[in-house]
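# Residue-level structure breakdown
In case you want the letters, here they are:
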Amino acid sequence: LFRQSGELANDAEADRFLPSLCWGMSLLLIATLAGFHLLRGHFLGRSAMLVELPTTWLVAGWTALVAGAVVAVGRTIRCAQRVYGSVAEAVIVYRPLLAVYAGISIILLIGSMFGSIGANLVILVHGSTWLVCTYRRLGEREAIATGPWSWLRTSPTGFLTLHLGVTALALCLFALRTHVWQRTGLLCDLMSRTWFPYWSIMHIAMSFWRSK
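A short tour of the structure in this document, coming up. (Residues numbered from 1 in each chain as written. Predicted model: local features only at pLDDT ≥ 70, side-chain atom pairs only at ≥ 80, totals over all residues. Heavy atoms only, no water.)

## Re the environment of D15
Relative to the helices and strands, D15 is located in helix α1 (residues 11–43). Considering only alpha carbons, one finds D15 and C133, 118 residues apart in sequence, at a separation of 22 Å. (Helix = DSSP H or I, 4+ residues; strand = E, 2+ residues; numbered from the N terminus.)

## So, the nonpolar core
Side chains that are nonpolar tend, in soluble globular proteins, to be buried together. Counting residues in each nonpolar core, the largest one holds 19 residues, and the members touching the most others are F17, L18, L21, Y94 and L97. The residues contacting L21, other than those within four sequence positions of it, are T76, Y94, L97, L98 and Y101. (Core = buried A, V, L, I, M, F, W, Y, C linked by side-chain atoms within 4.5 Å. Buried < 20%, exposed > 50% of the residue type's maximum accessible area, 1.4 Å probe, protein only. Contact = heavy atoms within 4.5 Å.)

## Topic: the packing of aromatic side chains
A full pass over the atoms with the stated rule returns four aromatic pairs. Measuring from ring centre to ring centre gives 5.6 Å for F17 and Y84, while their planes differ by 85°; the resulting arrangement is edge-to-face. Taken together, the residues span a long stretch of sequence, with F17 in helix α1 and Y84 in helix α3 (residues 55–84) at a distance of 67 residues. Like Y84, F17 is buried. Relative to F159, the ring of W130 has its centre 5.5 Å away and its plane inclined at 65°; by these criteria the two rings are edge-to-face. With W130 in helix α6 (residues 117–141) and F159 in helix α8 (residues 156–179), the pair connects residues that are 29 residues apart, well separated along the chain. Accessibility expressed as a relative area gives 31% for W130, which makes it partly exposed. (Phe/Tyr/Trp six-rings, centres within 6.5 Å; stacked < 30°, edge-to-face > 60°.)

## As for unusual backbone geometry
The phi dihedral of Q182 is positive, around 55°, even though this residue is not glycine. Here Q182 shows up in the loop between α8 and α9 (186–190). For Q182, a relative accessible area of 52% gives the class exposed.

## A few points about the side chain of T76
In this fold, T76 is placed in helix α3. Taking the relative accessible area as the measure of exposure, T76 reaches 9% and is therefore buried.

## With respect to a positive patch on the surface
On the surface, R16, R75, R78 and R82 cluster together into a positively charged patch. If one sorts the elements of the positive patch by residue count, α3 sits on top with three residues. When you line up the elements, R78 lands in helix α3. Overall, the relative accessible area of 49% leaves R78 in the partly exposed class. (Patch = residues over 30% accessible without salt bridge, like charges linked within 9 Å, V, L, I, M, F, W, Y side chains within 5 Å. Areas by Shrake-Rupley, 256 points an atom, 1.4 Å probe, with all protein chains shown as cover. Salt bridge = Lys/Arg side-chain N within 4 Å of Asp/Glu carboxyl O. Lys, Arg positive; Asp, Glu negative; His and termini not counted. Charge placed at Lys NZ, Arg CZ, Asp CG, Glu CD.)

Structure, rendered in structure tokens:
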């Protein structure tokens, strides 16, 4: 999204620096989130599954994750100095992207204190940002729809209609789950907040698929 927004000036230098930045920030955010869940779920006893696991294994795994994050961040810093001359210059070039990373980090730090809220909020922010960006790109493309499905996928109005319709359907199912089905049954379990991260992972995995 940062590339497609037009805010990135030099693609040649970005190809050398962006992968390192993405790895560093991703591992850092994952280590932060894992640390909060380890503290809350295992040491404070909020997760039955984490409580049953040996403390040594959990701490060792998290330590390895932190070590990987430190190595990745260090590599990012060295790459910034090599490509842009200094970290300060790289910050100027990537300020919009770093502002997004900072916002996600704040959400994780605050939300993780209350369980899975932090991760869910990050997913919602990501989904909203993707929706706005894709809507704008479809408007700029001005593709001609050749049928109902094409209209839903290639026109900004159809794309927005499709996702608002899916959102409305999901809200109706949530209402039925709570007030009619009394949160019992397989379908209700699949729509519970516990499954929200798994649906998100499936959605992200499917986004890598491209039709021929």
